Structure formats: C-alpha cells, structure tokens
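# Structural overview for review
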Amino acid sequence: MAKVKAKATAKATTKKAASKTASKKAEAPKASTGFFGLPLKTWVSTAKPARAAQVRGSGVGNVYIFSSRDPKKVRAALKPILLPWQVEAAVKSESETSSFAGKTGAVFILRPPANLDANNLASHGGRLNKSDFARTRDHAGSVLGQVLSWKCDKLILHFNGTSLEQETAALVGLELASYNFAENRNNPRKTKKKLPTLLLSGSQLSNANIRAASDLALATNMARHLTNLPGGSLNPTNYAQAIEDLLGDAANTTVTVWKNADLA
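A quick note: this is a predicted structure, and the numbers were derived from the prediction, not measured. Residues take numbers from 1 onward in each chain, read along the sequence in its written order. Two thresholds apply to this predicted model, a pLDDT of at least 70 for residue-level local features and 80 or more for giving and counting side-chain atom pairs, whereas whole-chain, interface and lining totals are computed over all residues. Side-chain descriptors were evaluated using all non-hydrogen atoms of the structure, hydrogens and water having been removed beforehand.

Secondary structure elements follow DSSP: runs of H or I of four or more residues count as helices, runs of E of two or more count as strands, with numbering from the N terminus. For a helix, the expected span equals 1.5 Å multiplied by the residue count minus one. Taking 1.5 Å per residue, twelve residues should reach 16 Å; helix 8 (residues 236-247) reaches 16 Å between its end C-alpha atoms and fits that length. Along helix 8, the residues classified as buried are Asn 238, Ala 240, Gln 241, Ala 242, Ile 243, Glu 244 and Asp 245. The distance from a side-chain oxygen at the start of helix 8 to the backbone nitrogen of Thr 237 is 3.1 Å, and the residue carrying that oxygen is Asn 235. Here the term buried applies to any residue with accessible area under 20% of the maximum for its type, exposed to any over 50%, and partly exposed to those in between, with areas from a 1.4 Å probe on protein chains only. Each polar contact in these results corresponds to two N or O atoms within 3.5 Å; when the atoms are within protein, one needs to be able to donate a hydrogen and the other to accept it, and residues that are neighboring in sequence are counted only if both atoms are side-chain atoms.

Bringing the pattern of salt bridges into the picture now. By salt bridge we mean one thing: a side-chain nitrogen of Lys or Arg within 4 Å of a carboxyl oxygen of Asp or Glu. Scanning the entire structure with this criterion turns up six salt bridges. With its nearest N and O atoms 2.9 Å apart, the salt bridge here joins Glu 88 to Arg 75. Here Glu 88 is found in helix 3 (residues 84-92), whereas its partner Arg 75 is found in helix 2 (residues 71-78), with 13 residues between them in sequence. Exposure remark for Arg 75: the relative accessible area of 32% places this residue in the partly exposed category. Here Lys 193 and Glu 183 are joined by a salt bridge, their closest N and O atoms 3.1 Å apart. Of this pair, Lys 193 sits in the loop between helix 6 (164-178) and strand 7 (197-201) while Glu 183 sits in the loop between helix 6 and strand 7; the two residues are ten residues apart in sequence, bridging distant segments of the chain.

Turning our attention to the packing of aromatic side chains. Aromatic rings from Phe, Tyr and Trp, with only the six-membered ring used for Trp, were paired whenever their centres fell within 6.5 Å, and each pair was classed as stacked if the ring planes differed by under 30 degrees, edge-to-face if by over 60, and tilted otherwise. For the structure on display, the rule yields three aromatic pairs. With centroids separated by 5.3 Å and ring planes inclined at 85°, the aromatic side chains of Phe 35 and Phe 36 adopt a geometry described as edge-to-face. A relative accessible area of 3% places Phe 35 in the buried class.

What follows deals with the environment of Val 172. Structurally, Val 172 is set in helix 6. We classify Val 172 as buried; its relative accessible area is 3%. Along the backbone, Val 172 and Arg 137 are 35 residues apart, and their C-alpha atoms lie at a distance of 6.2 Å. The contact criterion used is simple: two residues touch if any of their non-hydrogen atoms lie within 4.5 Å. Every residue in contact with Val 172, bar those within four places of it in the chain, is listed here: Phe 133, Arg 137, Ala 213, Leu 216 and Ala 217.

Take unusual backbone geometry next. In this structure, Phe 36 takes a positive phi of about 55° despite not being glycine. With respect to the helices and strands, Phe 36 occurs in the loop between helix 1 (17-25) and strand 2 (48-49). On the basis of relative accessible area, Phe 36 is assigned to the buried category, the value being 3%. Residues other than glycine seldom take positive phi values, yet Lys 151 does so here, at roughly 55°. Within the secondary structure layout, Lys 151 lies in the loop between helix 5 (132-149) and strand 6 (154-160). For Lys 151, a relative accessible area of 69% gives the class exposed.

A strand pair is defined by DSSP finding two or more bridges across the two strands. The strand order across the open sheet formed by six strands is 2-7-6-3-5-4, and the pairing between neighbours is mixed. Edge strands, defined here as strands with exactly one partner in the open sheet, are strand 2 and strand 4 (97-101). In this structure, strand 2 lies alongside strand 7, joined through two bridges in parallel fashion. Looking across to strand 7, one finds that Pro 49 is bridged to Leu 200. The strands that helix 2 touches are strand 3 (60-66), strand 5 (106-110) and strand 6; relative to strand 3, the one it contacts most, it runs at about 165°. Angles run from 0 to 180 degrees between N-to-C directions of axes, and those axes are lines fitted to C-alpha atoms, restricted for helices to the stretch in contact. With respect to the sheet, helix 5 is in contact with strand 3, strand 4, strand 5 and strand 6, its orientation differing from that of strand 5 by roughly 165°.

A few words on the confidence of the model for the protein. For the protein, the average pLDDT comes to 85, and 81% of its residues sit at 70 or higher. By definition, pLDDT measures how confident the predictor is in each residue, and it falls between 0 and 100. Mean pLDDT across the secondary structure elements of the protein bottoms out at helix 1, with 39, and peaks at helix 6, with 98. Contacts for the low-pLDDT stretch residues 8-31, under 50 throughout, to residues beyond four places or in other chains number 52 contacts.

See the structure below:
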C-alpha cells in the first residue's frame with residue numbers, strides 16, 4: 001500500500017528516493033499520453049472565436065444561450081437562422097431548452113426558467129436550487145448528444161447577454177458531456193466519437209478564461225475517471241506513478257510517495 005501526498009510549494013520539484021523506486025515498478029501511463037487513458041488535452045481548450053466564413057454552409061450546429069427571456073432579444077437573435085413560425089414558437093415556449101431544424105441546420109436554444117422567482121420559492125426558499133453556473137453547465141451538456149446525432153462538423157455557441165460565469169459554465173458542461181469511460185481506457189473497447197470544431201460568438205471569454213474552464217472540466221473528468229476505473233487498473237503503485245507523472249515536474253508542486261516503511 002502507498003500513500004500519495006501532493007502539495008503546492010514555492011520551490012522547484014524534488015522527489016524522494018523511495019518514489020523513484022516505485023516509479024520503476026509502476027504500470028501507469030506517462031502524463032504525456034494521458035491519465036489512465038484519459039487525454040489531458042480537452043476538446044473545449046480548442047474553442048476559438050467564430051469568423052463570418054465559418055458560420056455559413058452545411059454541417060453547422062448553433063447553440064443560442066440567453067441570459068434572459070426578453071422576447072425582443074430572442075426574436076432578434078433567432079430571426080436570421082429560424083423560420084418565422086419557429087421564432088414565435090421559441091419565444092412562447094416556457095421550456096428552458098428547445099431545438100429546431102433551422103435554415104442551415106440544427107439550432108439549440110438555452111434560456112433561464114420562465115418563472116425563476118416561483119422556482120426559487122418552491123425548494124427550501126431557493127437554497128437547493130441550481131446556480132446560474134450549474135444550470136448553464138447542465139443545459140449545455142445536454143445538447144451534445146443531439147449535436148452528435150446531427151453529425152455537425154462545427155458547433156457555434158452564441159452568447160446573448162450572458163455573464164463570464166455562464167460562458168465558462170457552458171464550456172465546462174460540454175467537456176463533461178464529452179466524457180465516456182469506455183472511450184478513455186488504455187485499451188479502448190469503443191471508438192472515440194468525433195467532436196465538432198468548437199466556435200464562440202458574442203463571447204467575452206479570453207484565452208485564459210478558456211484554459212480555466214478547460215482545467216476545471218478536466219479535473220472533474222479525472223475524478224470521474226478514477227472512480228470508474230476497476231481495481232485491476234487502479235492500484236496504489238500505478239496510482240502513485242500516475243500522480244508523479246502528472247505533477248512531478250511542476251515548478252510549484254512536490255510529490256512524495258510513502259511506501260510500506262514510511263507508513264509503518
């Protein structure tokens with residue numbers, strides 16, 4: 001059995017001799033190739049601002065994320081891409097999520113609840129209700145399955161009056177939804193799905209914000225992945241090695257592995 005402890009420090013990395021011995025016996029993959037089969041490069045980290053030429057043509061999925069249900073703003077945003085009856089149906093709908101086959105392809109619409117105040121009062125005075133972050137994260141994640149069924153080559157997120165928190169949440173939700181345990185094993189039993197090019201429109205996300213969203217989603221998926229791994233794949237020895245490979249070369253992190261003698 002081994003105990004792994006990783007803590008942040010201001011000094012460059014140092015490693016215990018005992019941890020080096022454990023490294024030779026471990027079977028976990030190097031961090032450069034992934035974390036127990038889970039790639040360390042996320043899909044959402046590739047998100048880029050959408051250019052005019054990229055929004056045209058077939059094979060484009062459009063996700064419109066609204067911060068309010070203001071009919072004027074909804075109509076103005078959806079009019080170029082939906083038929084008149086579809087725009088009115090979207091405006092009148094009380095659903096938080098809806099989808100249409102638009103003029104150029106799939107259109108997904110995400111909005112806050114129709115009666116937020118009533119929803120807040122319905123559950124312990126609102127204390128158990130989802131935050132804007134959680135709601136946007138979950139709504140964005142729910143879209144991905146439909147996007148893949150449409151076989152979209154590009155997915156454009158259109159942000160309308162959204163906060164930086166909501167835009168971050170949308171990226172996190174999409175990355176969480178892209179995770180599939182069977183697709184992220186060292187010996188995959190299932191071919192990994194092809195994800196569309198991710199583009200942003202009307203976004204205030206900087207490159208640093210996108211990296212932060214990517215890191216949060218990756219950390220969450222890593223925790224999910226560790227939970228999903230069977231005992232035959234995850235044991236104290238290769239878990240310790242995986243953490244060393246992942247964090248051992250970081251300038252602000254020291255990884256110390258306690259083996260039997262240290263634990264005794």
